[in-house]
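Structural overview
The chain contents come next:
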Number of protein chains: 2
Amino acid sequence: MTSKQPAQRLRKSPGQVRSAVHQAVIDLLSDPGGADLTIPAVAQRAGVNHTSIYRRWGGREALLADVVVTRLERDSPLADTGTLRGDLRAWAEAGVASIRTPEGRLLIRAVALSMPGSATAQGKRAQQFERRMAAIERIRDRATARGEVPPPLDQILDQLVAPLYLRALFGIEPPASGYPDLLVDRLLGSPDTPRPA
Amino acid sequence: MTSKQPAQRLRKSPGQVRSAVHQAVIDLLSDPGGADLTIPAVAQRAGVNHTSIYRRWGGREALLADVVVTRLERDSPLADTGTLRGDLRAWAEAGVASIRTPEGRLLIRAVALSMPGSATAQGKRAQQFERRMAAIERIRDRATARGEVPPPLDQILDQLVAPLYLRALFGIEPPASGYPDLLVDRLLGSPDTPRPA
């Protein structure tokens, strides 16, 4: 892989490279001009050689996934409220807050863009999504350790995660208030009535 | 906008252009090599001048949206079963069948890619999604005309549309059987019990 770009400031530390590249991805995603998010474009904006990006991340999808997971973990640290309902509500509240910000919506969009495009890459894609779902798994594990019985992951995906992603992706505003509670109540049953079968 | 491409076969009829361009988009989306889906790449593959594409579709997002809506309407014509439950189940069954095929997953991915990237384009994005939701609106209208009371569109998005999109996008297999019914039962309540409040 030979570089056609002029040699650039190559003496960044690994941490500086990472941070400059992450910021370049966010900047490019935010650009209303809609420049294509390519590795050369990221490299140029970050002031690093694009071979460093290929070497470190392997490609665009892995880079995007790294940016997304890093930002979302930084912006939405996982609350430990002591109950399954509280933890899920906190997760949903962070999600709703996130999709109300431009950067949050960009990140969700980036998750979609970062999915491997090949029809045969299903396994790789699912694996990447599992990394994103680690927070939900930790909530389930804590509930089980407390003796609660959390819904299956599949059901949490369908009823809690999917609505937030869909709305972020398509720009559909969530209801003005009470939306996190609404989603959690649909999933667990309302607090005063037993969970639906 | 001046063309840097060599002059190509320009004498296609509008219908031929449309069909060649649509097929080129599908081909490029299907390419495991993952070439970026740019207008020049589509033009080259379709054998049309890229100025024709800009003139007709305006840009990549509108082109992708047109391809997706056209294919999905062709592949999943809307069934009129005579009941709200039957219509929603038929919609969900078509959706599940679609995400089990490589082309179906590509199309869902294309929907995500076709969303305008700009943070300020929320309105445009929502409008495009509404075009995709026309089938659901027709199902709701028919139910209302029969005297049934369909759930609000928002709730159908959350509980029926969102899970299918999420699974298509992230390559998460739906449960092997009964998934359309499961989603519809969550939305309407199971057939033997009243709908949850």
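Residues numbered from 1 in each chain as written. Chains lettered and ligands numbered in written order. Predicted model: local features only at pLDDT ≥ 70, side-chain atom pairs only at ≥ 80, totals over all residues. Heavy atoms only, no water.

- Chain A carries the name TetR/AcrR family transcriptional regulator in an unreviewed UniProt entry, which gives Streptomyces goshikiensis as its organism.

Topic: the environment of R142 of chain A
Residue and element names in this part refer to chain A.
- Structurally, R142 is set in helix α8 (residues 134–145).
- Through-space distance from the C-alpha of R142 to that of L84 is 8.0 Å; in sequence the pair is 58 residues apart.
- Of the polar contacts made by the side chain of R142, one reaches the backbone oxygen of A79; its length is 2.8 Å. (Helix = DSSP H or I, 4+ residues; strand = E, 2+ residues; numbered from the N terminus. Polar contact = N/O pair within 3.5 Å; in protein donor to acceptor, adjacent residues only side chain to side chain.)

Quick look at the packing of aromatic side chains
- Within the structure shown, the criterion is met by zero aromatic pairs over all chains.
- Above the plane of the ring of W57 of chain A lies R56 of chain A, whose end atom (NZ or CZ) is 5.1 Å from the centre. (Phe/Tyr/Trp six-rings, centres within 6.5 Å; stacked < 30°, edge-to-face > 60°. Lys NZ or Arg CZ within 6 Å of the ring centre and 35° of its normal.)

Here we look at the pattern of salt bridges
- As enumerated under the stated definition, the model contains 24 salt bridges over all chains in all.
- We note a salt bridge from R142 of chain A to D80 of chain A, for which the minimum N-O separation is 3.7 Å. Placement of R142 of chain A in helix α8 and of D80 of chain A in the loop between α4 (60–75) and α5 (84–99) is noted, with a sequence separation of 62 residues between them.
- We classify R142 of chain A as partly exposed; its relative accessible area is 22%.
- Judged by relative accessible area, D80 of chain A falls into the exposed class, the value being 53%.
- For R167 of chain B, the salt bridge identified is with D158 of chain A, shortest N-O distance 3.1 Å. Here R167 of chain B, found in helix α9 (residues 153–170), pairs with D158 of chain A, found in helix α9 (residues 153–170), and the two come from separate chains. For the pair formed by R167 of chain B and D158 of chain A, the shared burial category is buried.
- Where salt bridges share partners, they join D154 and D158 of chain A together with R167 and R186 of chain B into one cluster. (Salt bridge = Lys/Arg side-chain N within 4 Å of Asp/Glu carboxyl O. Buried < 20%, exposed > 50% of the residue type's maximum accessible area, 1.4 Å probe, protein only.)

As for the packing of helix α10 (residues 179–188) of chain A against α9 of chain B
- Contact geometry of α10 of chain A with α9 of chain B gives a least axis separation of 13 Å together with a crossing angle of 50 degrees. Looking at the two axes, α10 of chain A sits oblique to α9 of chain B. Taken as a pair, α10 of chain A and α9 of chain B cross one another with a handedness that is right-handed. Two secondary-structure elements touch here, α10 of chain A through Y179, L183 and R186 of chain A and α9 of chain B through Q155, D158 and Q159 of chain B.
- Residues that form the contact of α10 of chain A with α9 of chain B fall into these classes: two nonpolar, two polar and two charged. (Axes fitted to C-alpha atoms, helices over the stretch in contact; angles between N-to-C directions. Parallel < 35°, antiparallel > 145°, perpendicular 65-115°, else oblique. Left-handed = near helix turned anticlockwise from the far one by under 90°. Contact = heavy atoms within 4.5 Å. Nonpolar A, V, L, I, M, F, W, Y, C, P; charged D, E, K, R; others polar.)

Things to note about the UniProt feature "DNA-binding region" (unreviewed entry) in chain A
- Per the UniProt record, "DNA-binding region" (unreviewed entry) is annotated on residues 38–57 of chain A.
- What you have in residues 38–57 of chain A is 80% helix and 0% strand, and the ends, taken at the C-alpha atoms, are 13 Å apart. (UniProt positions renumbered as here; feature names shortened; annotations may be inferred.)

Examining the confidence of the model for chain A
Residue and element names in this part refer to chain A.
- Taken as a whole, chain A shows an average pLDDT of 81; of its residues, 79% reach a score of 70 or greater.
- Mean pLDDT values over the elements of chain A span from 66, in helix α7 (residues 122–132), up to 95, in α10.
- Here the predicted complex carries an ipTM of 0.75, next to a pTM of 0.76. (pLDDT = per-residue confidence, 0-100.)

A short note on the side chain of R140 of chain A
Residues and elements named next belong to chain A.
- Along the polypeptide, R140 turns up in helix α8.
- Since its relative accessible area comes to 19%, R140 is described here as buried.
- Discounting residues that sit within four places of it in the chain, R140 has contacts with P150, P151, P152, L153 and I156.

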